[in-house]
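# Chains, contacts and geometry: an overview
If you want the building blocks of each chain, they are given just below.
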Amino acid sequence: MTFHAHDVTWTAQGRPVVDGITVDITPGGLTGLLGPNGSGKSTFLRLLAGLLRPHGGAVLLDGHDLNRLPRREVARRMAVVAQEVSTDVELTVLDVVLLGRIPHRGRLAASAGAGDLSHARRALRRCGLAALERRRWSTLSGGERQRVNIARALAQEPTELLLDEPTNHLDIAHQLALLDLLATTPVTVVTALHDLNLAAQYCDHLLLLHEGRLIAAGPPGQVLTEDTVERVYHVRAEIIASATGRPSLRFLSTSVRTGPL
Amino acid sequence: MSRRGTALAIAGGLLLLVLSIAAASVVGAAGLSPADVLRTVAAHAGLPVERLAPLDDGIIWELRLPRVLLVVLVGAGLSVCGAVLQALTRNPLADPYLLGISSGASTGAVAVLVLGLGAGAAALSAGAFGGSLLAFCCVLAVIGRGSGSAVRVVLAGVVVSQLFSALTSLVVVWAADAQSTRGVTFWLLGSLASASWTSVALCAVVAVTGMLACGLASSALDAFTFGREAAASLGIAPARTELILFTVTALTTAVLVAASGAIGFVGLIVPHAVRALTGSRHHALLPACALYGGVFLLAADTVARTAFAPREIPVGVLTALIGVPAFAVIMRRRKETPA
């Protein structure tokens, strides 16, 4: 199973949002997608998911151009967790998680069967949501919705899982629980993250974007250096390498732009 | 909603529909009994039973039964179309009438009638289909690029249906024959008084096919819960699904409106009431909408034709009287649960 972006470009109003990114996604690993606001993380994730068609280059799944594969075939192996999801439809938590079974069911008419139900319940348990099964979506908190949406993605039984800042809305305990889940699953995971320390602590591989370009790629110790952090985020950071080789960052409050100390 | 609850809701709807059909066939000035109705049906089916007197036979076979069946088909079809449009536009206030599709269908049918392009049920339906598609394209054009918010979609539907209502009035008054006043009422407010077996047959074929097509797309409609992109990531081709289902609902609405005029709010009220019984999953929602939609419009039409007898009020007046408060409730409830 290979997952590969080759010279992928996407422009909006003549301005490149994603600018010639080439990268191999590590199979079975947890890849963190980093970059400041507006660096193209979300757009790149949607290109990887096949939800946007690249204006140049291609995303290749097992060597096949993603945009030429049937949508349904892609959905059977790749699940996406978007950043914000909302609906006016009154659904229970179980209903929402069952949506993840749609690509695995017959195309027409077939309604959710016993197998779908057991997959959905297992996904709910893995996300610690078993008790919420009958709750209505509209009564959930932001964090609960986020976790239900992740359970829906797991119910899709993906081999590739793409998430856009899934730790938003989550308190620290749930952030750690989620990242533990993502790090231990055999699924190939690509996730956009804001928190550089969590990214350094959990990810096998980091991709650092800046103005649509891939600035650095590799293990956390290689990508998160004082130099790259300053260049991309315009902040100074003190970086300490732990015994495991994973860096931890302490940010210094003064912005580089406003001048020296 | 549990599987058992859903099965119960659907079985209950079926029973209610059969009882309403029986009741609506009997209620009226002629003082007929259920036995008379059964005897007439049996006689026309070729069974060896004695026919009623020609007058009673005519009332049941030529007036009551086609009307009752047409009402059920229109109620069922509009309700299913409403539920489908609500899912596709992700807008709980969508309905063939509010989106202007019904007004467009009226205009198209009237234009065919007045321009003398044909007078049969099929020609009217074809005109109605053209009008409904045109109205729907106008709505999309008014909304503009990108998926509109609920408010934009409703506003676009309102202005477009005003436009087409004005066009219908213009065409009807311009034609200015003896029936023009009655014609305006029929096309703008809806009436089922002119039901015939021809219109029943045409509506049955189109509405049943349309509803089955929507039913087959239940999973795809579920996938739209969180929007087009979420649908795409669940393996549904959003653009193709939308195109097919918008066409199916426009066609179904058009044929129904050509037979009954523009009856509003059925597609809004019924799906919302039914969701309380079956939940929002379309496998259960759509069949239940068909059954309870038939029951609802049959009740409304029976009241419309008997409450002020011998006068008959247009059924669209009654559905609007129920529908507008329902619209207000749905809109207010929406505000309380921000996305």
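In case you missed it, the structure is sitting above this.
Scope of this entry: the structure provided in the associated data block. All figures in this text were calculated on a predicted structure; none of them were measured in a lab. (Residues numbered from 1 in each chain as written. Chains lettered and ligands numbered in written order. Predicted model: local features only at pLDDT ≥ 70, side-chain atom pairs only at ≥ 80, totals over all residues.)

Moving on, we come to the environment of Gly-5 of chain B. Residues and elements named next belong to chain B. By secondary structure assignment, the location of Gly-5 is in helix H1 (residues 3-26). A count of 13 C-beta atoms within 10 Å places Gly-5 in the partly exposed class. On a C-alpha basis, the gap between Gly-5 and Leu-69 in space is 28 Å, while along the polypeptide they are 64 residues apart. (Helix = DSSP H or I, 4+ residues; strand = E, 2+ residues; numbered from the N terminus. Buried ≥ 20, exposed ≤ 12 C-beta atoms within 10 Å, placed from the backbone.)

Moving on: the sheet that holds strand S6 (residues 78-81) of chain A. Residue and element names in this part refer to chain A. Taken in spatial order, the 6 strands make up an open sheet running S6-S7-S8-S3-S9-S10, and their pairing is mixed. Whereas interior strands pair on both sides, the edge strands pair on one side only; in this sheet they are S6 and strand S10 (213-218). The sheet shows a mean angle of 15 degrees between the axes of neighbouring strands, taken without regard to direction. Both S6 and strand S7 (residues 160-164) contribute to a ladder of 4 bridges, which runs parallel. Bridge pairing in S7 places Val-81 opposite Leu-163. Packed on one face of the sheet, helix H1 (residues 41-48) meets strand S3 (30-34), S7, strand S8 (188-192) and strand S9 (205-210) and runs near 155 degrees to S8. (Pairing = 2+ DSSP bridges. Axes fitted to C-alpha atoms, helices over the stretch in contact; angles between N-to-C directions. Contact = placed C-beta atoms within 7 Å.)

Between chain A and chain B, the residue contacts involve 26 residues of the former and 26 residues of the latter. Considering only residue class, the side of chain A that touches chain B consists of 15 nonpolar, 4 polar and 7 charged. (Nonpolar A, V, L, I, M, F, W, Y, C, P; charged D, E, K, R; others polar.)

Residues and elements named next belong to chain B. Viewed as axis vectors pointing N to C, helix H8 (residues 197-216) and helix H11 (residues 238-260) meet at an angle of 160 degrees, and their least axial separation amounts to 9 Å. In terms of orientation, H8 lies roughly antiparallel with respect to H11. As for how H8 packs across H11, the hand of that crossing is left-handed. Together, Ser-199, Leu-202, Cys-203, Val-206, Ala-207, Gly-210, Ala-213 and Cys-214 of H8 and Leu-245, Val-248, Leu-251, Thr-252, Val-255, Leu-256 and Ala-259 of H11 make up the contact between the two elements. Its residues assigned to classes, the contact of H8 with H11 comprises 12 nonpolar, 3 polar and no charged. (Parallel < 35°, antiparallel > 145°, perpendicular 65-115°, else oblique. Left-handed = near helix turned anticlockwise from the far one by under 90°.)

Residue and element names in this part refer to chain A. Note that Ala-192 resides in strand S8. In the structure, Ala-192 is positioned 26 residues away from Pro-166 in sequence and 7.6 Å away in space, judged by C-alpha atoms. In contact with Ala-192, other than residues within four places in its own chain, are Leu-33, Lys-41, Ser-42, Leu-45, Leu-163, Asp-164 and Glu-165.

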